[in-house]
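Reading the structure
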Amino acid sequence: MSALALPPGLILAGGRSSRMGTEKALLDLGDQPLLAHVARRLAPQVSVVKLNAPPGFPAPLALPLLPDTLAGQLGPLAGVLAGLGHLQPGETHLLTVPCDSPFFPLDLAARLRAQADDENSIVVAASDGRLHPVFCLWPRAIAEDLQDWLADPDNRRIQAFLRRHRMVTVDFSLIDTPEGTIDPFLNINTPEDLETARRFAGLLA
Ligand SMILES: Nc1nc2c(ncn2[C@@H]2O[C@H](COP(=O)(O)OP(=O)(O)OP(=O)(O)O)[C@@H](O)[C@H]2O)c(=O)[nH]1
């Protein structure tokens, strides 16, 4: 087991859900909204679950709300910055997950923490040859650089930011089920994605 203590967790829900056409975090999957599934999966893996979303977001759960501190829909990195800004003394890292991926691994945090070998590396999940940079363990040490980076409105892309830092990737397996194979990082952006996710809802029980 890693020496790194359980980090705080932040659910990123500050996006526009334009492909879904309605706030995707609040859509039901089985008997609960997507956001509730994500929070339930995250809670045992972190010290506290917080929510990055706009002020007044109608969350179906009582979670500490951290709105973006920078104006202008700057993408998920703005949420990461808000989360890093609320780290408490002694907390060295922040774990982020998006609001639209309810199947992420139950050992996500443990495996990312095990690779957090210094105070500066960003540890990112991957599967099937793809990076999933919103599933990430962010060290506090990058906060200042992130603030500076986001001051330029052209700098929104997570992967471009990651290239400025030492990055460690952790590869996760696809999940085979009787309904077919699913990527644990499947994210639900469209009504069609939601239909796909409903086929695999048994994994959430
Ligand atoms: N804080 C914050 N999070 C964002 C922002 N844009 C996207 N996100 C989050 O980043 C993650 C990935 O976002 P996307 O699914 O690519 O974008 P989205 O805006 O949610 O959805 P689309 O409008 O359909 O692209 C999700 O968890 C979003 O909530 C933003 O401007 N601020």
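Rules and cut-offs
- Residues numbered from 1 in each chain as written.
- Predicted model: local features only at pLDDT ≥ 70, side-chain atom pairs only at ≥ 80, totals over all residues.
- Heavy atoms only, no water.
- UniProt positions renumbered as here; feature names shortened; annotations may be inferred.
- Helix = DSSP H or I, 4+ residues; strand = E, 2+ residues; numbered from the N terminus.
- Rg over C-alpha atoms; globule rule 2.2 N^0.38 Å.
- Buried < 20%, exposed > 50% of the residue type's maximum accessible area, 1.4 Å probe, protein only.
- Contact = heavy atoms within 4.5 Å.
- Salt bridge = Lys/Arg side-chain N within 4 Å of Asp/Glu carboxyl O.
- Core = buried A, V, L, I, M, F, W, Y, C linked by side-chain atoms within 4.5 Å.
- Near = heavy atom within 4 Å.
- Polar contact = N/O pair within 3.5 Å; in protein donor to acceptor, adjacent residues only side chain to side chain.
- Areas by Shrake-Rupley, 256 points an atom, 1.4 Å probe, with all protein chains shown as cover.
- Nonpolar A, V, L, I, M, F, W, Y, C, P; charged D, E, K, R; others polar.
- Axes fitted to C-alpha atoms, helices over the stretch in contact; angles between N-to-C directions.
- Parallel < 35°, antiparallel > 145°, perpendicular 65-115°, else oblique.
- Left-handed = near helix turned anticlockwise from the far one by under 90°.

The name given to the protein in an unreviewed UniProt entry is Molybdenum cofactor guanylyltransferase, with Rhizobium deserti as the source organism. Among the UniProt annotations of the protein, the heading Cofactor (unreviewed entry) holds the following wording: "Mg(2+)". The record held by UniProt for the protein lists under Subcellular location (unreviewed entry) the comment "Cytoplasm".

Take the overall build of the protein next. Looking only at helices and strands, the protein features six helices and 10 strands. Computed over the C-alpha atoms, the radius of gyration of the protein is 16 Å, within 12% of the 17 Å expected from 2.2 N^0.38 for a compact globule of 205 residues. Principal axes of the C-alpha set define a box for the protein whose edges measure 45 × 40 × 30 Å. Looking at the protein as a whole, 51% of its 205 residues qualify as buried. In the protein, of all internal contacts separated by at least 6 residues, the share reaching a separation of at least 24 is 69%.

Another point: the pattern of salt bridges. Overall, the coordinates contain five salt bridges when judged by the stated rule. Residue arginine 130 pairs with aspartate 183 through a salt bridge whose shortest N-O separation is 4.0 Å. Of this pair, arginine 130 sits in strand S7 (residues 130-139) while aspartate 183 sits in the loop between strand S10 (180-182) and helix H6 (191-199), placing them 53 residues apart in sequence. Between arginine 164 and aspartate 145 there is a salt bridge, with the nearest N and O atoms lying 2.6 Å from each other.

To continue, consider the nonpolar core. Core analysis: the largest hydrophobic core is formed by 30 residues, its most contacted members being Ile11, Leu108 and Leu112. Broken down by secondary-structure element, the contributors of at least two residues to this core are helix H1 (34-42), strand S4 (49-52), strand S5 (93-98), helix H3 (108-114), strand S6 (122-127), S7 and strand S8 (167-172). A total of four residues in this core trace back to one element, the largest contributor, which is H1. Not counting chain neighbours up to four residues away, the residues in contact with isoleucine 11 comprise Leu35, Val38, Ala39, Leu42, Val49, Lys50, Leu51, Asn52, Leu63, Val97, Pro98 and Cys99. With 21 residues, the next largest nonpolar core counts Leu77, Leu87, Ile142 and Trp149 among its residues.

Another aspect to go through is the site of the ligand. What surrounds the ligand is a group of 20 residues, the closest being Leu12, Arg16, Ser18, Asn52 and Asp68. Separating an oxygen atom of the ligand from a side-chain N or O atom of lysine 24 is a distance of 2.8 Å. Residue leucine 74 places a main-chain N or O atom 3.4 Å away from an oxygen atom belonging to the ligand. Coverage of the ligand by the protein amounts to 87% of the 610 Å² it exposes when considered alone. Grouping the constituent residues of the shell around the ligand by class yields six nonpolar, nine polar and five charged.

This part takes up the UniProt feature "domain: MobA-like NTP transferase" (unreviewed entry) in the protein. Following the UniProt record, the feature "domain: MobA-like NTP transferase" (unreviewed entry) maps to residues 9-165 here. The span residues 9-165 is 25% helical and 22% strand by assignment, and the distance between its end C-alpha atoms comes to 21 Å.

Attention now moves to the pairing of S5. Here S5 lies mainly inside the structure; six of its six residues are buried. Every second residue of S5 is oriented toward a common face, with His93, Leu95 and Val97 on one face and Leu94, Thr96 and Pro98 on the other, all of them buried.

Another aspect to go through is the packing of helix H2 (residues 76-85) against helix H4 (residues 143-150). Here H2 crosses H4 at 140°, and the two axes come no closer than 10 Å. Here H2 is positioned oblique relative to H4, judged by the angle of their axes. Crossing of H2 against H4: the hand is left-handed. Packed against H2, whose contacting residues are Leu77, Ala78, Val80, Leu81 and Leu84, the element H4 presents Ala143, Leu146, Gln147, Trp149 and Leu150 at the interface. Class assignment for the residues of the contact of H2 with H4 results in nine nonpolar, one polar and no charged.

Moving on: the side chain of threonine 190. Tracing the backbone through its elements, the reader meets threonine 190 in the loop between S10 and H6. A relative accessible area of 18% places threonine 190 in the buried class. Setting aside residues up to four positions removed in sequence, threonine 190 forms contacts with Arg19 and Met20.

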